[in-house]
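Residue-level structure breakdown
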Amino acid sequence: MAVRVYEEWFILSLIVEDGRCAGAVLMEIRSGDIHVVRAKAVIMAAGGIGRVFEPSTNALICTGDGMSLAYQAGAELMDMEMVQYHPTTLQGSGVLITEGARGEGAYLLNSEGERFMERYAPNMMELASRDVVSRSEQTEINEGRGINGCVLLDCRHLGEQVIRERLSQIQEIARDFANVDITKEPIPIQPGMHYQMGGIKTDIDGQTAVPGLYAAGEVACVSVHGGNRLGANSLLDTLVFGRRSGQHASDAVKSISHANVTDASADADRENIQGLLSNAEGGPMFGALRHEMGKTMNDNLAVYRDQQGMETALSDIREVRERYRSVYVPDKGKTFNTNLLFTIELGFMFDCAESVAVSGLERKESRGAHTRTDMPDRDDENWLKHILVKNSVDGPALEHLPVVITDWKPEVRSY
Ligand SMILES: Cc1cc2nc3c(=O)[nH]c(=O)nc-3n(C[C@H](O)[C@H](O)[C@H](O)COP(=O)(O)OP(=O)(O)OC[C@H]3O[C@@H](n4cnc5c(N)ncnc54)[C@H](O)[C@@H]3O)c2cc1C
């Protein structure tokens, strides 16, 4: 079967008619034209929220559009507080230094030259799971054994040949982005935002709470990763649940007819865009607002969290969102108006940021990637639950959902 791909089309909103997802409103980026596309089913596969944090290992397009679109359409977001910080990212740019380096035997060192993982995971050392290594690094940095907010990843002892043959990509990244020759110097690295375990709540066939709307990939939360994805397991999100969603949707649409969708479904998006383009010069630009939001997320919802920090983040997000109402878009053109697109994306990002913050505040314990210094223990009695976020007229509404335990009973993780 031939599948028509619409390259460079940008989804602005989902259409919900008679309680079903009935299509989407899209902008053709090349012309700026807005189109209504009716559909019997929509599979959201718009990726994660990485760039809601600054910096992040994620591409600039990872702005959480899909989560926000689904949330606005009535779907639930789940486990949004579970944000994975990868242990080895470059300061400033956030570029990922792959686990391959530690897999080959690279050491993590603090400012005193100690392999500090000895203190935290003496058996697994540098190969402990991501959250454990990230927390260990952050503890070293917080306790004054870091170097300019970083620790060091040392590959020197691996020798030039191993580095050239097996770590050439890392060698290039370190040279190009940090001006470091890894055969001669260690790389300054720090924990950085990498992956969102949470997302649009789906069942194992990708179905969301909105009939006809499916989600798969990082945008979705089937909950296969719990609060803590293991490296390489995104394949599950994309391949397994992408396939299952496609199969289910294609079967389901056989017995469904199209809803009555007209061009009027795009009115709200046209008005929104017109409003953005009409904002007066002198208003804030999207880049500054996006940076402010990303920074408060990274300052307050990173490896370690506490009540005060998360409250600060939430109030910052809301304050930046308020200023976004007068955001200035200097480019008024129709063709490839990336200024406008980035500004629209920022609107999506606020929903994601707010959901992470309210879910983090709601969870009164530490679990998975959510570590609170003010509530450091895991509390299975009260918090063996998912947190759901739904859109309401009063803002995000929270609910709890018990975790279904099957073969694997929760245990204390120790190394
Ligand atoms: C540096 C790095 C290394 C990684 N390494 C691994 C690894 O080794 N193994 C592993 O399992 N996982 C890895 N991950 C995680 C994994 O890459 C992601 O979880 C996965 O790529 C997500 O795939 P996706 O298809 O859901 O989303 P994406 O690949 O992000 O694709 C989403 C698509 O949706 C489009 N889109 C977004 N918004 C809109 C909109 N409004 N309108 C139209 N289109 C839109 C985007 O342009 C993009 O094309 C890594 C992640 C990073 C950042």
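The paragraphs below set out a description of the structure included in this document. These numbers were taken from a predicted model, which means no experiment stands behind them.

**Looking at the sheet that holds strand 5 (residues 77-78)**
Taken in spatial order, the 5 strands make up an open sheet running 12-10-5-15-16, and their pairing is mixed. Of all the strands in the sheet, just strand 12 (220-221) and strand 16 (395-402) have a single pairing partner and so form its edges. In terms of strand pairing, strand 5 meets strand 10 (residues 199-201) through 2 bridges, oriented antiparallel. Looking at strand 10, one finds that Leu 77 is bridged to Ile 200.

**Points about unusual backbone geometry**
Looking along the chain, the bond that leaves Glu 54 and enters Pro 55 is cis, with omega of 0°. If you trace the backbone, Pro 55 turns up in the loop between strand 4 (42-44) and helix 1 (65-72). For Asn 179, which is not glycine, the phi torsion reads 55° and is therefore positive. Inspection of the secondary structure puts Asn 179 in the loop between helix 6 (168-178) and strand 9 (187-196).

**Some words on the packing of aromatic side chains**
Following the criterion strictly, the structure yields 6 aromatic pairs and no others. Between Tyr 324 and Phe 350, the ring centres sit 5.2 Å apart and the planes meet at 70°, which makes this aromatic pair edge-to-face. Placement of the pair is Tyr 324 in helix 10 (residues 307-324) and Phe 350 in helix 11 (residues 338-362), with a sequence separation of 26 residues. Taking NZ or CZ as reference, Lys 385 lies 5.5 Å from the ring centre of Trp 383, over its face.

**Quick notes on the site of the ligand**
Lining the immediate environment of the ligand, one finds 21 residues, of which Ile 11, Asp 65, Glu 218, Ala 232 and Ser 234 sit closest. Between Ser 234 and the ligand, the recorded distance is 3.0 Å, taken from a side-chain N or O atom to an oxygen atom. Taking 1,000 Å² as the accessible area of the ligand by itself, protein coverage stands at 62%. For the shell around the ligand, the secondary-structure elements that each account for two or more residues are strand 1 (9-17), strand 9 and helix 7 (234-252).

**A look at the nonpolar core**
Grouped together as the largest cluster of nonpolar side chains are 70 residues, with contacts concentrated most on Leu 14, Met 44, Val 52, Phe 53, Ile 200, Leu 213 and Met 297. No other element matches helix 11, which puts 13 residues into this core. In this structure, Ala 101, Val 133, Val 151 and Leu 167 belong to the second largest nonpolar core, which totals 27 residues.

Procedures and definitions
- Residues numbered from 1 in each chain as written.
- Predicted model: local features only at pLDDT ≥ 70, side-chain atom pairs only at ≥ 80, totals over all residues.
- Heavy atoms only, no water.
- Pairing = 2+ DSSP bridges.
- Helix = DSSP H or I, 4+ residues; strand = E, 2+ residues; numbered from the N terminus.
- Phe/Tyr/Trp six-rings, centres within 6.5 Å; stacked < 30°, edge-to-face > 60°.
- Lys NZ or Arg CZ within 6 Å of the ring centre and 35° of its normal.
- Near = heavy atom within 4 Å.
- Polar contact = N/O pair within 3.5 Å; in protein donor to acceptor, adjacent residues only side chain to side chain.
- Areas by Shrake-Rupley, 256 points an atom, 1.4 Å probe, with all protein chains shown as cover.
- Core = buried A, V, L, I, M, F, W, Y, C linked by side-chain atoms within 4.5 Å.
- Buried < 20%, exposed > 50% of the residue type's maximum accessible area, 1.4 Å probe, protein only.

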